[in-house]
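Residue strings, one per chain:
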Amino acid sequence: MRNILITVSLLIVAVVTACLNDFWAGFVYFSLTSLSALCIYWGVIFILRYREDYFLSFQEEYKFYKINLINSSNLTLEDIEKNDKYYIKKFKKTLLRDKVIDIFKIILAFMFAIICIVAMATGFRF
């Protein structure tokens, strides 16, 4: 709920100040500042979610992976625990696609923030 409120409020500020650009050219800086703040906020949120998903809850997710592996094959828990390093490596490979997507989200959010900051520095107008 907090994310929605922050996003909507920053977008409203950006849209209103972009519309008021005709009255005073300085409103473009308010618009770009709110957009860059929004991008930085979501970049930080994506980083925190990435850290939580792939580092803090790794063991719990690996347990679910082992349970699914046992249920979907003829393996036993002892077989998996004997070759634990192999199955951890296999589990990390299944997470690779999700990790790449999350990393691109982080990069994209910060890239938009940098674009807004560069636009402010160069004097961009709508």
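Each remark here, short or long, concerns the structure printed above.
Just so we're clear, the structure is a prediction, and the values are computed from it rather than from any experiment.

Brief notes about the packing of helix H1 (residues 2–19) against helix H2 (residues 27–56)
For step 1, the next point in the chain: It is at 7 Å that the axes of H1 and H2 come closest, and there the two elements cross at 160°. Here H2 runs roughly antiparallel to H1, going by the angle between their axes. Of the two possible hands of crossing, H1 and H2 adopt the one that is left-handed. Between H1, through Arg2, Asn3, Ile6, Thr7, Leu10, Leu11, Val13, Ala14, Thr17 and Ala18, and H2, the contact on the second element is made entirely by Phe27, Phe30, Ser31, Ser34, Leu35, Ala37, Leu38, Tyr41, Trp42, Ile45 and Arg49.
For step 2, the next point in the chain: When the residues that make up the contact of H1 with H2 are grouped by side-chain class, the tally is 14 nonpolar, five polar and two charged.

A word on helix H3 (residues 58–72)
For step 1, the next point in the chain: In this model, H3 (15 residues) spans 21 Å end to end at C-alpha, consistent with the 21 Å of a helix rising 1.5 Å per residue.
For step 2, the next point in the chain: By the burial criterion, the buried members of H3 are Phe58, Tyr62, Tyr65, Lys66 and Leu69. Buried residues of H3 fall within an arc of 100° about the axis and therefore sit on the same side. Counted as exposed and oriented over 90 degrees from the buried face of H3: Lys63 and Asn71.
For step 3, the next point in the chain: Packed against the buried residues of H3 are H2, helix H4 (77–82) and helix H5 (84–122).

Comments concerning the packing of aromatic side chains
For step 1, the next point in the chain: Under the criterion given, the structure shown has 13 aromatic pairs.
For step 2, the next point in the chain: Consider the rings of phenylalanine 58 and phenylalanine 91, whose centres lie 5.4 Å apart with planes at 55°: the pair is tilted. Here phenylalanine 58, found in helix H3, pairs with phenylalanine 91, found in helix H5; they are 33 residues apart in sequence, far enough to count as distant. Across the pair, exposure class does not vary: phenylalanine 58 and phenylalanine 91 are buried alike.

As for the pattern of salt bridges
For step 1, the next point in the chain: Here the structure, examined in full by the defined rule, presents three salt bridges.
For step 2, the next point in the chain: In this structure, the salt-bridge partner of lysine 82 is aspartate 79, at a minimum N-O distance of 3.9 Å. Remark: aspartate 79 and lysine 82 occur in helix H4; sequence separation between them is three residues, near one turn of the helix.
For step 3, the next point in the chain: Judged by relative accessible area, lysine 82 falls into the exposed class, the value being 65%.
For step 4, the next point in the chain: Judged by its relative accessible area of 28%, aspartate 79 is partly exposed.
For step 5, the next point in the chain: Between aspartate 102 and lysine 105 there is a salt bridge, with the nearest N and O atoms lying 3.7 Å from each other. Residue aspartate 102 and its partner lysine 105 are both found in helix H5; the two are separated by three residues, about one turn of the helix.

Parameters at a glance
Residues numbered from 1 in each chain as written. Predicted model: local features only at pLDDT ≥ 70, side-chain atom pairs only at ≥ 80, totals over all residues. Heavy atoms only, no water. Axes fitted to C-alpha atoms, helices over the stretch in contact; angles between N-to-C directions. Helix = DSSP H or I, 4+ residues; strand = E, 2+ residues; numbered from the N terminus. Parallel < 35°, antiparallel > 145°, perpendicular 65-115°, else oblique. Left-handed = near helix turned anticlockwise from the far one by under 90°. Contact = heavy atoms within 4.5 Å. Nonpolar A, V, L, I, M, F, W, Y, C, P; charged D, E, K, R; others polar. Expected span 1.5 Å × (residues − 1). Buried < 20%, exposed > 50% of the residue type's maximum accessible area, 1.4 Å probe, protein only. Arc of directions from axis to C-beta. Phe/Tyr/Trp six-rings, centres within 6.5 Å; stacked < 30°, edge-to-face > 60°. Salt bridge = Lys/Arg side-chain N within 4 Å of Asp/Glu carboxyl O.

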